[in-house]
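Fold and geometry: a report
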Amino acid sequence: MKRLIALLTAGVMIALLAGCRKQEASAQIFAMDTVMGVTAYGGSAEKAVKAAEEEILRLEDMLSRTDPKSQVSRLNGSDGAAVAVDEEIVSLIREAGTYSQATGGAFDITIAPVVAAWGFTTDTYQVPEQADVDALLAAVGMEHVTLAESQVTLERGTEIDLGGIAKGYASDKLEAIFEEHQVEHGMVELGGNILLIGSKPDGTAWRLGVQDPAKPNEAAYAAIVQLEDAFAVTSGSYQRYFEQDGKTYHHIIDPATGRPADSGLTSVTVVTDRGSGSGTMCDALSTALFVMGEEQALEFWRGSDYAFELILVTEDGRVVVTKGLEEALMETKESGYTYEIVS
Amino acid sequence: MKLTTKQLTLCGVLTTLALALSVMENQIPLSAAIPLPGIKLGLANIVTVFALYVLGPVQAMLILVARCILGAVFAGNMNALLFSVMGGVTAMLMMILLSRLPGLSVYGVSIGGAAAHNCGQIAAAIISLGNTAPLYYLPILLGVSLFTGALTGIIAACLFRALAHTNLMRG
Amino acid sequence: MRSSPKLKPGIWDALVALIVLVMAVGCACAVWTGDSDGGGELEAVVRMDADGTDTEIRMRLDGLNRVERTVTSNGYTLQIVLTETEAWVEASDCPTQDCVHTGHISRSGQSIVCLPARVIVQLVGGDGGDPGVDAVVG
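**Some words on the sheet that holds strand E4 (residues 145-148) of chain A**
Residue and element names in this part refer to chain A. Strand order in the open sheet made by the 3 strands is E3-E5-E4, with antiparallel pairing throughout. One side of each edge strand has no neighbouring strand; the edge strands of this open sheet are strand E3 (82-84) and E4. On average, each strand axis in the sheet is tilted by 20° relative to the strand beside it, whichever way the strands run. With 3 bridges joining them, E3 and strand E5 (residues 151-154) adopt antiparallel strand pairing. What sits directly across from Ala84, in E5, is Gln151.

**Quick look at the interface of chain B and chain C**
In this assembly, 43 residues from chain B lie in contact with 36 residues from chain C. Around 3500 Å² of area is buried between chain B and chain C when both sides are counted, 67% of it from carbon and sulfur atoms. Viewed at the interface, chain C and chain B are joined by 0 salt bridges. Along the contact surface separating chain B from chain C lie 4 residue pairs in polar contact (both at pLDDT 80 or more). Elements with a minimum of two residues in the side of chain B that touches chain C: helix H2 (30-33), helix H3 (44-54), helix H6 (106-129) and helix H7 (138-163) of chain B. When the residues that make up the side of chain B that touches chain C are grouped by side-chain class, the tally is 29 nonpolar, 12 polar and 2 charged.

**Some points on the packing of helix H4 (residues 87-102) of chain A against helix H8 (residues 279-292) of chain A**
All names here are of chain A. Contact geometry for H4 and H8: axes closest at 10 Å, N-to-C directions at 45°. Viewed along their axes, H4 and H8 adopt a mutual orientation that is oblique. As for the relative orientation of H4 and H8, their crossing is right-handed in sense. Contacts between H4 and H8 involve Leu92, Glu95 and Tyr99 on the former and, on the latter, Thr280, Met281 and Ala284. For the contact of H4 with H8, the per-class residue count stands at 4 nonpolar, 1 polar and 1 charged.

**Observations regarding the packing of aromatic side chains**
Residue and element names in this part refer to chain B. Evaluation of the coordinates by the stated rule reveals 9 aromatic pairs over all chains. Between Tyr53 and Phe160 the ring centres are 5.8 Å apart and the planes differ by 85°, which places this aromatic pair in the edge-to-face class. Highlighted residues: Tyr53 in helix H3 and Phe160 in helix H7, separated in sequence by 107 residues. Taking the relative accessible area as the measure of exposure, Tyr53 reaches 4% and is therefore buried. Its relative accessible area of 3% is what places Phe160 among the buried residues.

**Considerations on the side chain of His185(A)**
All names here are of chain A. Structurally, His185 is set in strand E6 (residues 185-190). Judged by its relative accessible area of 9%, His185 is buried. Here the side chain of His185 touches Lys200 through a polar contact of 3.4 Å, landing on its backbone oxygen.

**Quick look at the sheet that holds strand E8 (residues 206-211) of chain A**
Pairing in this open sheet of 4 strands is mixed, and the strands run E18(A)-E9(A)-E8(A)-E8(C) from one edge to the other. Lying at the two open borders of the sheet, with one neighbouring strand each, are strand E18 (329-330) of chain A together with strand E8 (135-137) of chain C. Note that strand E9 (residues 221-227) of chain A and E18(A) share 2 bridges and pair antiparallel. What sits directly across from Ile224(A), in E18(A), is Met330(A).

**Considerations on the state of the cysteines**
A covalent bond bridging the sulfur atoms of two cysteines is what the word disulfide describes. Residues and elements named next belong to chain C. This model, assessed by the stated rule, comprises 0 disulfides over all chains. With no disulfide of its own, Cys114 lies closest to Cys94 among cysteine sulfurs, the gap being 3.6 Å. Residue Cys114 is classed as buried on the basis of its relative accessible area, which comes to 2%.

**Structural notes on the confidence of the model for chain C**
Residues and elements named next belong to chain C. In this model, chain C carries a mean pLDDT of 78, and residues with pLDDT of at least 70 account for 83%. When the elements of chain C are averaged for pLDDT, strand E2 (residues 53-60) gives the smallest value, 76, and strand E5 (residues 87-92) the largest, 92. Scored below 50 in pLDDT, residues 35-39 makes 6 contacts in the model with residues more than four places away or belonging to other chains. Counted against residues more than four places away or in other chains, residues 126-130, with its pLDDT under 50, gives 14 contacts. Model confidence for the complex is summarised by a pTM of 0.57, with the ipTM given as 0.80.

**Some points on H4(A)**
Residues and elements named next belong to chain A. An ideal rise of 1.5 Å per residue puts 22 Å on 16 residues; H4 measures up with 23 Å between its terminal C-alpha atoms. Those residues of H4 lying buried are Glu88, Ile89, Val90, Leu92, Ile93, Ala96, Gly97, Tyr99 and Ser100. Residues of H4 that are buried in the fold lie against helix H2 (45-63), helix H3 (71-76), E4, E5, helix H7 (163-180) and H8. Phi turns positive, to about 60°, at Gly104, one or two residues after H4.

**Looking at the nonpolar core**
Counting residues in each nonpolar core, the largest one holds 72 residues, and the members touching the most others are Leu63(A), Ile93(A) and Phe178(A). When we break this core down by domain, the ones giving at least three residues each are domain 1 (24-61 + 163-342) and domain 2 (70-154) of chain A. Residues within four places of Phe178(A) in sequence aside, it is in contact with Val38(A), Thr39(A), Ala40(A), Ala48(A), Ala52(A), Val183(A), Gly186(A), Val188(A) and Ile197(A). If you look at the next biggest cluster of nonpolar residues, it comprises 52 residues, including Val54(B), Leu142(B), Leu146(B) and Leu115(C).

Basis of the calculations
- Residues numbered from 1 in each chain as written.
- Chains lettered and ligands numbered in written order.
- Predicted model: local features only at pLDDT ≥ 70, side-chain atom pairs only at ≥ 80, totals over all residues.
- Heavy atoms only, no water.
- Pairing = 2+ DSSP bridges.
- Helix = DSSP H or I, 4+ residues; strand = E, 2+ residues; numbered from the N terminus.
- Axes fitted to C-alpha atoms, helices over the stretch in contact; angles between N-to-C directions.
- Contact = heavy atoms within 4.5 Å.
- Buried area = accessible area lost by both parts, 1.4 Å probe.
- Salt bridge = Lys/Arg side-chain N within 4 Å of Asp/Glu carboxyl O.
- Polar contact = N/O pair within 3.5 Å; in protein donor to acceptor, adjacent residues only side chain to side chain.
- Nonpolar A, V, L, I, M, F, W, Y, C, P; charged D, E, K, R; others polar.
- Parallel < 35°, antiparallel > 145°, perpendicular 65-115°, else oblique.
- Left-handed = near helix turned anticlockwise from the far one by under 90°.
- Phe/Tyr/Trp six-rings, centres within 6.5 Å; stacked < 30°, edge-to-face > 60°.
- Buried < 20%, exposed > 50% of the residue type's maximum accessible area, 1.4 Å probe, protein only.
- Disulfide = S-S within 2.5 Å.
- pLDDT = per-residue confidence, 0-100.
- Expected span 1.5 Å × (residues − 1).
- Core = buried A, V, L, I, M, F, W, Y, C linked by side-chain atoms within 4.5 Å.
- Domains from an automatic or database assignment.

Dropping the structure here:
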């Protein structure tokens, strides 16, 4: 009988070890004005999630535009003086500058004062006078930013907002953390920024839904793509907007006009493989390509050295998907959209 | 198959006993403790185990079918017939198989039978509902069958010991 | 006596028990995993057999105040309660009362089954009933 009990106990252990699942951990973090979800399977999943939480909070402290103590806030309040900051911020601003250059200024972190004039920073929405906007635009552009090794100088009137790449950058940092802790499968959701590590624990691809811009508050998808080891970021006019006098104004400001980008798109999703692109890149490009509009965005995709794929949702009800995602795409029935594959 | 009068009598007595046990276990509100549809102690399986060893598989199967049909008639619930037949027959087949394996005692046979019984009942529930939702209960039912199987095994073992000296066992 | 059964449990019996146990754990892994108990929007799906036809009610639990539904199925009447986080059968006139005893369910994948009434109350991970996604970008 003793033997029987011993055998049974051993059986339970074996079954639990082998039959069940790998270490799993997840956390939800409220940061950067959104709810972030981090899930990891395998490796030191628990440690990885804990480290991810700390990293997100660290980045928020550093990059926040609304927290007056953050390094970004100190920069913005510098009134033309040079400010000593972490090298990390300098290199992030430098990276932002390269995306700005690559996209012909369609992505620009110095658009911050104009965004603030529209009230998107403080939730006090208003349509500013064009003259005021034009005055602010004079200080917009990366040429007003001077970088040194660990020092940044913003010209008087110029302000930066790293919000356009902060979440993408955070997803890159979390990728490194997950790698360090040998996480085998994982998902990071940072408010519109997704990082997928490996496949799902069951070996199948992750199913990623692209929010239907026409139904922002519903679980409705313009498309579903099956992805593994990828970054995905969406920029959409539905994410933040206000209405005034029957007109809708959204939060993606075109640095060329200082007004909400009127490009005929309702959302742009940039997808890249973990090996060939980064979350920061996806974050910056999704904004820039939204500003550019369908034609220019596809042209950029064809000619760019960056490796990425696109899902564009247009105002006239089309979903335009680039060739590389053809296999991964699952058209969603009843979405009402027509699908186009472009190459 | 030739039935001696003694065997026939034994079949009748065992059918009655199985029927009595299944009626009795319906009175035990086990579902209050473990609220799962179709959960039973499976006391009638004691008779099946016993019949399997003493009379053989064919007679054991006959007793089982008679018990299921009569049980459903008495309960006035023909829907339950599917459940008891599916559960009973699956358990029976499993126990016939296991009883042929050398080295297994009544305990192993009973536990295997109880597990198969629950699998059969879940299958019946899936068929009857046309939905796989009952699968959700399978892990729990399998776990519980370890205990109900061990219980019927203990009772059956006691039974064999107690009757070892009677000529009942020497058919 | 056709064959004499062994009456003492041995190592092989333990093996049978072990196999059953492994099956139970294996089934649990197969049936009970893949449920997100956080984040996903829960939806209650009530399937029943009203007047001989299969009927299905779907209700998003997110932001739901307490809702009581009385359903009649296969001749029995069940009182089902749905809240923002839970679902349960408050009362039923079915003979087994298993559905009432099952108690409250709150996780995606869980279900309450009433066999006599042929009613299934199931919690699914929302997403409007489409094939389901693991994450949403946007």
